Amino acid sequence: MIGNMRTIFVVLGLVLAGSVVAEPSSTVVWDSATRHLVDSADPGRGAEVAEPCVACHGKTGTEKLRPNFPLLSGQTATYIYKQMMDYKESRRGHGIMQNFASSMTPQEIADVAAWFQSLSLPPAKQETVTEHAVKLVGKGDGPRLLPPCAACHGRKGEGAIVDVPALAGQNKDYFVVTMQAYKSGERGNDIYNRMRLIAASLSDEEINELAAYYAALGND
Amino acid sequence: MHIDATEKKWIYLTFLLTFAGMGVLAAYAVMDNIHPPSNVETVDSAALHLSKEFNEDALGVKREADGSIRVTMVAARYGFFPQKLVVPVDTPVTIRIASADVLHGIHTVQSNFNTMVVPGYVSEVNTTFQKTGVFPMFCNEYCGLGHDFMWARLSVVPKEKFKL
């Protein structure tokens, strides 16, 4: 009897395991409806909703905050929207952020994103920028199939219209933590592994150098 | 209508060069087996990563029941996914590729794998790679500031060394 039950559980387990479909890294789709939602969001309303966000993420980029938290002033709205939706859908993990995101509507998220985007990028910090970092940002590394960072993130680290974050003036520690999370696979909400592939090709030293490069860029 | 003799010569020369150019293109098309795509199939490019065929886990190289090889790829600014492919030499390969954003193209050096990747459509190429080696693949339709850096790599290996 026990043997039969065990067989049934094993068979059930195998059937269930076979039916598990891998989860997509993000469920956000940049169709016209989503683009319209973000493009037409109200920064004024977003400023009110974003009051609790400022304590950790600042609004001028000059506040003394925890260095491993991202500064969001001037960040692209599409990027913030996607990250918050990914938290909401549990595609990106962070207890506090998932709680915030799950209590917000897509409209509120779009408004907050529009408000952060309306602010200036954080100012430049005093950092030592290496020649190697300049080369990686501007030219990439063909043999490693590494595209230059500037191709997507812009020559001034300003980000791009759809879902590409601004990096200029970002906290060095946050930059490193994020890239290491991509490298280890701990963070995986980048569609088609784009950042995971890049981070896996970079050495820890190169990640540190790139963090300094972008912190030194700032809003000028 | 009077046309000056010198002008006439230039008009003839222009026509001659145009037809000669078309002749060269036609000859290359025949010699290298280049032809327009015969497959017309639509796909939702914005939701490509959520589709059954082009979701992240479905990409890559697979062997079909008849022994042929099927490659599923995505082109997106600025890369091809997967970035690295391994296929066997002298084996029929069907490559299906779609764009997640804008117009791209893909060309593999020393082969006739060369197609436009139009958003909203699946591009399908049937080919057989005849030389072993490692070949670069790159985008040949301008797709944005990172176009020059859209690289991937194809390894064509002997049949006995090919493993999935």
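Before any of the text, the structure's been laid out above.
Residues numbered from 1 in each chain as written. Chains lettered and ligands numbered in written order. Predicted model: local features only at pLDDT ≥ 70, side-chain atom pairs only at ≥ 80, totals over all residues. Heavy atoms only, no water.

1. A look at the overall build of chain B
Point 1. Counting its regular elements, chain B contains one helix and ten strands.
Point 2. Beginning at the N terminus, the succession of helices and strands in chain B can be written as α-β-β-β-β-β-β-β-β-β-β.
Point 3. Here the C-alpha coordinates of chain B stretch approximately 70 × 35 × 30 Å along the principal axes.
Point 4. Taking all 164 residues of chain B together, the buried fraction comes to 40%.
Point 5. Within chain B, counting contacts between residues at least 6 apart in sequence, those at least 24 apart form 61% of the total.
Point 6. Accessible surface, chain B: about 9,500 Å² in total, of which carbon and sulfur atoms supply 60%. (Helix = DSSP H or I, 4+ residues; strand = E, 2+ residues; numbered from the N terminus. Buried < 20%, exposed > 50% of the residue type's maximum accessible area, 1.4 Å probe, protein only. Contact = heavy atoms within 4.5 Å. Areas by Shrake-Rupley, 256 points an atom, 1.4 Å probe, with all protein chains shown as cover.)

2. Observations regarding the interface of chain A and chain B
Point 1. Between chain A and chain B, the contact holds 26 residues from the first and 25 residues from the second.
Point 2. Ranking the residues of chain A by area buried against chain B places L145(A), Y192(A) and R194(A) at the top, with a combined share of 41%.
Point 3. Viewed at the interface, chain B and chain A are joined by zero salt bridges.
Point 4. For the pair chain A and chain B, the interface holds nine residue pairs in polar contact (both at pLDDT 80 or more).
Point 5. Every element with two or more residues in the side of chain A that touches chain B is listed here: α8 (131-139), α9 (149-153) and α11 (194-201) of chain A.
Point 6. When its residues are assigned to classes, the side of chain A that touches chain B shows 15 nonpolar, five polar and six charged. (Buried area = accessible area lost by both parts, 1.4 Å probe. Salt bridge = Lys/Arg side-chain N within 4 Å of Asp/Glu carboxyl O. Polar contact = N/O pair within 3.5 Å; in protein donor to acceptor, adjacent residues only side chain to side chain. Nonpolar A, V, L, I, M, F, W, Y, C, P; charged D, E, K, R; others polar.)

3. Points about the nonpolar core
Residues and elements named next belong to chain B.
Point 1. Judged by nonpolar contacts, the single largest core of 29 residues is most densely connected at V71, M73, F80, V87, I106, F129 and M137.
Point 2. Within the residue set of this core, elements represented by two or more residues are β2 (69-76), β4 (84-88), β5 (92-99), β9 (133-138) and β10 (151-157).
Point 3. Apart from the residues lying within four places of it in its own chain, the contact partners of V87 are V61, I69, V71, F129, L154, S155, V156, V157 and F162. (Core = buried A, V, L, I, M, F, W, Y, C linked by side-chain atoms within 4.5 Å.)

4. Points about unusual backbone geometry
Residues other than glycine predominantly adopt negative phi, and peptide bonds predominantly adopt the trans conformation.
Point 1. Of the consecutive residues R77(B) and Y78(B), the connecting peptide bond is found in the cis state with omega at -5°.
Point 2. That bond from F81(B) to P82(B) is cis: its omega, 0°, falls within 30 degrees of zero.
Point 3. Along the chain, P82(B) falls in the loop between β3 (79-81) and β4.
Point 4. Phi is positive for S90(A), which is not a glycine, with a value near 60°.
Point 5. If you trace the backbone, S90(A) turns up in the loop between α5 (77-88) and α6 (95-102).
Point 6. Judged by relative accessible area, S90(A) falls into the exposed class, the value being 53%.
Point 7. The phi angle at N193(A) is positive, at roughly 60°, despite the residue not being glycine.
Point 8. Locating N193(A) in the fold gives a position in the loop between α10 (172-184) and α11.
Point 9. Looking at N193(A), the relative accessible area reads 29%, which means it is partly exposed.

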